[in-house]
2 protein chains.
Amino acid sequence: MAKQIKPTSALKEQQGISQSEITNQDSIDVIKNKRKVQLQAKTLVKDILKGNIAALSRGITLVESKNKAHLKEANSLIKKCLPYANNSIRIGITGVPGVGKSTFIEAFGNYLISLGKKVAVLAIDPSSTISKGSILGDKTRMEDLVKNPNAFIRPSASGESLGGVARKTRESIILCEAAGFDVIIIETVGVGQSETAVHSMVDFFLLLQLTGAGDELQGIKRGIIEMADAIAINKADGDNLKRAKLAKVEFERILHLYPEKSSQWQPKTAICSALKNEGIENIWKIIQAYIQITSENNFFNKKRKEQNKFWLIQTIENQLKMNFFNNPKIIKELQKQIGLIENNETTPFVAAEVLLKLKK
Amino acid sequence: MAKQIKPTSALKEQQGISQSEITNQDSIDVIKNKRKVQLQAKTLVKDILKGNIAALSRGITLVESKNKAHLKEANSLIKKCLPYANNSIRIGITGVPGVGKSTFIEAFGNYLISLGKKVAVLAIDPSSTISKGSILGDKTRMEDLVKNPNAFIRPSASGESLGGVARKTRESIILCEAAGFDVIIIETVGVGQSETAVHSMVDFFLLLQLTGAGDELQGIKRGIIEMADAIAINKADGDNLKRAKLAKVEFERILHLYPEKSSQWQPKTAICSALKNEGIENIWKIIQAYIQITSENNFFNKKRKEQNKFWLIQTIENQLKMNFFNNPKIIKELQKQIGLIENNETTPFVAAEVLLKLKK
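The structure presented is a predicted model; accordingly, all values stated were derived computationally and were not measured.

> I'm lost on the side chain of N86 of chain A in this one. Help?
Within the secondary structure layout, N86 of chain A lies in the loop between α4 (68-81) and β1 (89-94). A distance of 3.1 Å separates the side chain of N86 of chain A from the side chain of R90 of chain A, its partner in a polar contact.

Dropping the structure here:
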């Protein structure tokens, strides 16, 4: 298991307003507002730490808010929750639409709860434009899990860029962990770049597959198989069982063609039937084996550190690009330079130099 | 064929020093140096336009120079050559080491010359650290081509980042075209990210393959097959001919699994033996068919425009990142913020905000 990090007294002190926070630039009003925000966040964090689901829900709504005033409050809330976070297993689950992700998560979640775990399910779906996200439709298929007091299911933030959704999901993970959830499941919609984003925020990445020609190739092509720590062939029941077993062998062969991972973990294959509740226990065993190996060789912690660094650099780079290309001076000159390039009057490299000089 | 762009009188005028180039910031010395540089570039460009190979060689050396003073001269030279460029077919050739790229280029180049073409061969090899690049060893295997006055073979720029090598190769293409070369072949070493770079600077991308299990998978995994406009199975001779034919069928099957390209071109497969000079003509026929289709539907020109834009944006983004992360203030604060993240005192997103504010 990942090392649980206990809050130190130094960290606790930081949760109030420290003297250093008051600078010459701060007006009295700002300090007052800050106090108010800190107080609101303080109440919320208390309830979240008690495992209050309503408070957790409110906290995530705050984190997802597009209101600029809420951003400060959200950041304050996250900062207060951080010392209590990081102590769960984060599992990413992906697979093409129709593979049975929701049914699997229902079966898997219920199994984990039967072991005494608390399970949170978040989703990443940047393509979703409706307000409650696409996972809402799936909720009916997660009926038991939704009703369970030890489960927390949250549809994905919507109407945003992948970067925005990813940030909010990562911050939601922190709140869920602070609320005492042991297992955080992040579901992807199984299209586009969402897998890469999820892979960069979980400890273990599970790929659900169906039997059927071409699927292996699709997974290889999109680089998903390379990311998977385990591949589970779902719907391995009835007439399909034999084919599922064959697919398992095929995926084993494919996995062995990849170079050894730095985790020293050899990705596993499994078959399961989420619908019939078969093979679910085995997948949890695989995940536990992964955690044991990667905790022993310290890859588990190293990976989380690298993920943090990845998101840090990623966020900075995106912002740098946005700042540059949204500058009205740049927008105007960019059009001009593209025109010159198209008329063979300059090269992309010289044009880039002109644009970069303009910014300075 | 791509539309040949004729220099206009307006463009010709730009090749001298225009009044607007003299600003308050320029000192007399700078103007003098500029005149000198322009004169040198002017002489060089005259000889290059005559098809003088020695001048072309000198021009490329200038473009490849790391001397900052040479950069201005190089940019001036390229600007003068630009109106005479863009009128060749640019072909990228890749394949794993041992696939026979050099033998193929020798056979293919000699065939094109026999048709009355002038053929330039450039290489991209960012991994090369020796001064003349790795293609030098191959020169002995391109003996006939090297001696031919209608061929120009240039080893890759070395000891540089892929971005640097790519820029220099793209600029060398312009000089080769200005020197009257009809076909520009860009060879990659077949490892790392060099294929993506080459794919972004050629009209047609040819993948050479060997027969043998696992190769298909490697190509799919690395995204190379997706980029290929044609796959040629080389060494299709003797005992290997039957296997090559089977591999051709297998690659055809794989190619059909990919969605249709925006070029409306369905990638082709072929077999050849560069050593025995067999199947070379067929590959040229495939390339001609590609050019015809993509010229008719205007994809050919559209792709070149998109490539220019790609290199423009790419160059700017790389420079923005370098400027930011090489700033001593940022380097210091980045270390601090990473420390805070590792101690769970901040999140990557809040840390990114702190760093971005610092830059302003």
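Next comes the rest of the account.
> Just to check I follow, could you spell out the interface of chain A and chain B for this structure?
Note on interface size: it is often stated as the accessible area lost on association of the parts. Each partner contributes residues to the interface: chain A has 53 residues there, and chain B has 52 residues. Applying the counting rule to chain A against chain B returns six salt bridges. Residue E342 of chain A is joined to K305 of chain B by a salt bridge in which the shortest nitrogen-to-oxygen separation is 3.9 Å. Between chain A and chain B we count four residue pairs in polar contact (both at pLDDT 80 or more) in total. Where the side of chain A that touches chain B is concerned, the elements lending two or more residues are α1 (9-14), α4, α8 (162-178), α10 (215-221), α14 (299-325), α15 (328-342) and α16 (348-359) of chain A. Residue contributions to the side of chain A that touches chain B peak at 14 residues, all from α14 of chain A. Each residue belonging to the side of chain A that touches chain B can be placed in one class, and the counts come to 29 nonpolar, 11 polar and 13 charged.

> What's the story with the relation of the copies chain A and chain B in this structure? I'm lost.
Copies of the same chain, two in number, are related to each other by a rotation about an axis and a translation along it. Between chain A and chain B, the superposition needs a rotation of 180 degrees and an axial shift of 0.0 Å, giving an RMSD of 0.1 Å. These values place the two chain copies in the arrangement generated by a two-fold rotation axis.

> Quick question: what am I supposed to make of the pairing of strand β1 (residues 89-94) of chain B here?
It is a general feature of regular strands that their side chains alternate between the two faces of the sheet. All names here are of chain B. Counting buried positions along β1 gives six out of six residues, so the element sits mostly inside the fold. The two faces of β1 match: I89, I91 and I93 on one face and R90, G92 and T94 on the other face are all buried. Bridge count between β1 and strand β4 (residues 183-188): five bridges; the pairing is parallel. Considered in β4, the bridge of I93 is made with E187. Bridge count between β1 and strand β5 (residues 204-209): four bridges; the pairing is parallel. Considered in β5, the bridge of T94 is made with L207.

> Explain helix α3 (residues 53-64) of chain B here, please?
Structurally, the α-helix is built with 3.6 residues per turn, so residues lying three or four positions apart point the same way. All names here are of chain B. Taking 1.5 Å as the rise per residue, α3 with 12 residues should run 16 Å; its terminal C-alpha atoms sit 16 Å apart, in good agreement. When α3 is considered as a whole, its buried residues turn out to be A55, L56, G59, I60, L62 and V63. Buried residues in α3, looked at end-on, bunch into an arc of 155 degrees, giving them a common side. The residue sitting at the N-terminus of α3 and contributing the capping side-chain oxygen is N52; that oxygen lies 2.9 Å from the backbone nitrogen of A54.

> So what exactly am I meant to see when it comes to the environment of V198 of chain B here?
You can see V198 of chain B is positioned in helix α9 (residues 194-199). Those residues in contact with V198 of chain B that sit more than four places away from it in its chain are G92, I124, I186, T188 and F205 of chain B.

> Can you walk me through helix α13 (residues 280-296) of chain A in this structure?
Spanning 17 residues, α13 of chain A covers 25 Å between terminal C-alpha atoms, matching the ideal 24 Å at 1.5 Å per step. Trailing α13 of chain A by a residue or two, N298 of chain A shows a phi angle of about 65 degrees, which is positive.

> Explanation requested: the sheet that holds strand β4 (residues 183-188) of chain A in the structure shown.
The strands that make up a sheet pair up through hydrogen bonds in the backbone, lying either parallel or antiparallel. Residue and element names in this part refer to chain A. Taking strand neighbours across the sheet as the criterion, the seven strands line up as β3-β2-β4-β1-β5-β6-β7 in an open arrangement whose pairing is parallel. The strands lining the two open edges of the sheet, one partner per strand, are β3 (151-153) and β7 (268-271). Going from strand to strand, the sheet's axes swing by 20 degrees on average, the running direction of each strand aside. As defined by bridge partners, strand β6 (residues 230-233) adjoins β7 across four bridges and the pair is classed as parallel. Looking across to β7, one finds that I233 is bridged to I271. Lying on the sheet, helix α12 (residues 241-256) is in contact with β5 (204-209), β6 and β7; it crosses β7 at an angle near 175 degrees.

> I tried to follow the packing of α16 of chain A against helix α14 (residues 299-325) of chain B on my own but got confused; where do I start?
Helix-helix packing: each pair is described by the crossing angle between the helix axes and the interaxial distance. α14 of chain B packs onto α16 of chain A with a crossing angle of 45 degrees between their chain directions and a minimal axis gap of 8 Å. In terms of their interaxial angle, α16 of chain A and α14 of chain B are classed as oblique. As for the relative orientation of α16 of chain A and α14 of chain B, their crossing is right-handed in sense. Contacts between α16 of chain A and α14 of chain B involve P348, F349, A351, A352, L355 and L356 of chain A on the former and, on the latter, N308, W311, L312, T315, I316, Q319 and L320 of chain B. Split by residue class, the contact of α16 of chain A with α14 of chain B holds 10 nonpolar, three polar and no charged.

> Would you mind going over the pattern of salt bridges with me for this structure?
Opposite charge on two side chains makes pairing possible when the charged atoms of those side chains draw close. All names here are of chain A. Per the counting criterion, the structure on display carries 23 salt bridges over all chains. Across the pair R167 and E171 runs a salt bridge, and its minimum N-O distance is 3.1 Å. Within this pair, R167 and its partner E171 are both found in helix α8, separated by four residues, close to a single helical turn. The exposure class of R167 is buried, given its relative accessible area of 16%. Taking relative accessible area as the criterion, E171 reaches 3% and is therefore assigned buried.

Analysis parameters
- Residues numbered from 1 in each chain as written.
- Chains lettered and ligands numbered in written order.
- Predicted model: local features only at pLDDT ≥ 70, side-chain atom pairs only at ≥ 80, totals over all residues.
- Heavy atoms only, no water.
- Helix = DSSP H or I, 4+ residues; strand = E, 2+ residues; numbered from the N terminus.
- Polar contact = N/O pair within 3.5 Å; in protein donor to acceptor, adjacent residues only side chain to side chain.
- Contact = heavy atoms within 4.5 Å.
- Salt bridge = Lys/Arg side-chain N within 4 Å of Asp/Glu carboxyl O.
- Nonpolar A, V, L, I, M, F, W, Y, C, P; charged D, E, K, R; others polar.
- Least-squares fit on C-alpha atoms with pLDDT ≥ 70 in both.
- Buried < 20%, exposed > 50% of the residue type's maximum accessible area, 1.4 Å probe, protein only.
- Pairing = 2+ DSSP bridges.
- Expected span 1.5 Å × (residues − 1).
- Arc of directions from axis to C-beta.
- Axes fitted to C-alpha atoms, helices over the stretch in contact; angles between N-to-C directions.
- Parallel < 35°, antiparallel > 145°, perpendicular 65-115°, else oblique.
- Left-handed = near helix turned anticlockwise from the far one by under 90°.

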